[in-house]
Amino acid sequence: MDFFATIFEGDALSITLALALLAMSVASWTVIFYKAWLLRRVSADVAHGKAAFWQARDVQQGIQALVAVDRAAVLLPLAQANLQLMPNTLGAQGDVSAQRTRVLRDALHGVLHRLQSGQVLLATVGSTAPFVGLLGTVWGIYHALTGIATAGQLTIERVAGPVGEALVMTAAGLAVALPAVLAFNVMGRVIQRLEQELEGFAHDLREL
């Protein structure tokens, strides 16, 4: 409580840096919880959806099976991509295989964009939060030393208290950055695995 009281009694820069770290923490944890829920759901949907689709008698029945099990709609856009072929248009000119490759690629990119959303925020928080905390520490130490200089009497109590409170800003920056970095790495591996499975499914659809 003394630390927070000291921060909010400081100047505009100290308050701004503290609020920036708080906003980074709230944003990163929101993304972490949402992405953890989404990736867990997508992983289950991909496994169940692929099995349901390939057990169907034809593509239309496979699409109907995906509607029932693909809650996150990651396989369904790929299965429905062939329906986007429009005759008598520029996109319909050329080889049919190239047309299907194009619509499958566009559908795949749309799904992957959804899966990768939030990764940039986690990377940004993980890389910038320590420097925000360090800036707060430097600024706090500057004010502490300025106050000691104007006091005219140097004691260990006058140095340890303000400097220690300033160093907490560095710890706060690291506390904000570490969960974001860990989540970015773990979720990046999960997204990479899902991307490989979706690319394989799109390739099999093209061959079909």
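Scope of this entry: the structure provided in the associated data block. Residue numbering note: each chain is counted from 1, following its sequence as written. Local features are withheld for residues below a pLDDT of 70 in this predicted model, meaning they are given only at 70 or higher, and side-chain atom pairs are given and counted only at 80 or more; totals for whole chains, interfaces and linings count all residues. The basis for every side-chain value is the complete set of heavy atoms in the structure, and neither hydrogens nor water enter the calculation.

**A word on the packing of aromatic side chains**
Put simply, the test is: In summary, the pairing rule links any two rings of Phe, Tyr or Trp, Trp by its six-membered ring, whose centres are within 6.5 Å, and it sorts them by plane angle into stacked for under 30 degrees, edge-to-face for over 60 and tilted for everything else. The way it works is that DSSP assigns letters per residue, a run of H or I at least four long becomes a helix, a run of E at least two long becomes a strand, and they are numbered from the N terminus. Partly exposed describes any residue whose relative accessible area lies between the buried limit of under 20% and the exposed limit of over 50%, with all areas from a 1.4 Å probe on protein chains only and scaled to the type maximum.
Following the criterion strictly, the structure yields five aromatic pairs and no others. The interplanar angle of 40° and the centroid separation of 6.0 Å between the aromatic rings of Tyr34 and Trp37 together place this pair among those described as tilted. Of this pair, Tyr34 and Trp37 both sit in helix H2 (residues 12-54), separated by three residues, roughly a single helical turn. On the basis of relative accessible area, Tyr34 is assigned to the partly exposed category, the value being 45%. Trp37 gets classed as partly exposed once you look at its relative accessible area, which sits at 46%. With a centroid separation of 5.0 Å and an interplanar angle of 85°, the aromatic rings of Phe53 and Trp54 are classed as edge-to-face. On the basis of relative accessibility, which here comes to 4%, the residue Phe53 falls in the buried class. Note on Trp54: relative accessible area 39%, which makes it partly exposed.

**Section: the environment of Leu75**
To be explicit about the condition: Working rule for contacts: check all heavy atoms of both residues, and any pair within 4.5 Å makes them a contact.
As for its position among the elements, Leu75 is in the loop between helix H3 (59-69) and helix H4 (76-79). Among all residues touching Leu75, those that are not within four sequence positions of it are Asp45, Val46, Gly49, Lys50, Leu66, Asp70, Leu198 and Phe201.

**What to know about the pattern of salt bridges**
Here is the rule: Here a salt bridge means any side-chain nitrogen of Lys or Arg lying within 4 Å of a carboxyl oxygen belonging to Asp or Glu.
Overall, the coordinates contain four salt bridges when judged by the stated rule. Among the ionic pairs, Arg193 bridges to Glu197, the shortest N-O distance being 3.2 Å. In this pair, Arg193 and Glu197 are both assigned in helix H7 (residues 156-207), four residues apart and thus about one turn of the helix distant. Judged by relative accessible area, Arg193 falls into the partly exposed class, the value being 36%. Under the relative-accessibility criterion, Glu197 is labelled partly exposed at 26%.

**Quick notes on H3**
Using the following cut-off: Working note: the arc is built from the helix axis to C-beta atom directions. Contacts described as polar in this section are N or O atom pairs within 3.5 Å, which, within protein, must combine one atom able to donate a hydrogen with one able to accept it, while residues neighboring in sequence count only if both atoms come from side chains.
Among all positions in H3, only Gly62, Ile63 and Leu66 are buried. Seen along its axis, H3 keeps its buried residues to an arc of 100°; they face one direction. The exposed set on the far side of H3, more than 90 degrees from its buried face, consists of Gln64, Val67 and Ala68. Tucked inside the fold, the buried residues of H3 contact H2 and H4. The backbone nitrogen of Gln60 lies 3.3 Å from a side-chain oxygen of the residue at the head of H3, namely Asp58.

**Some points on the nonpolar core**
The test is simple: Definition used in this section: a nonpolar core is a set of buried Ala, Val, Leu, Ile, Met, Phe, Trp, Tyr and Cys residues joined via side-chain atoms within 4.5 Å.
Membership of the largest hydrophobic core comes to 42 residues, with the highest contact counts inside it found for Val42, Val74, Leu78, Leu115, Leu122, Ala129 and Leu198. In terms of residue count, the dominant contributor to this core is H7 (12 residues). Beyond its immediate stretch of four places on either side in the chain, Leu122 contacts Ser28, Val31, Ile32, Ala180, Ala183, Phe184 and Met187.

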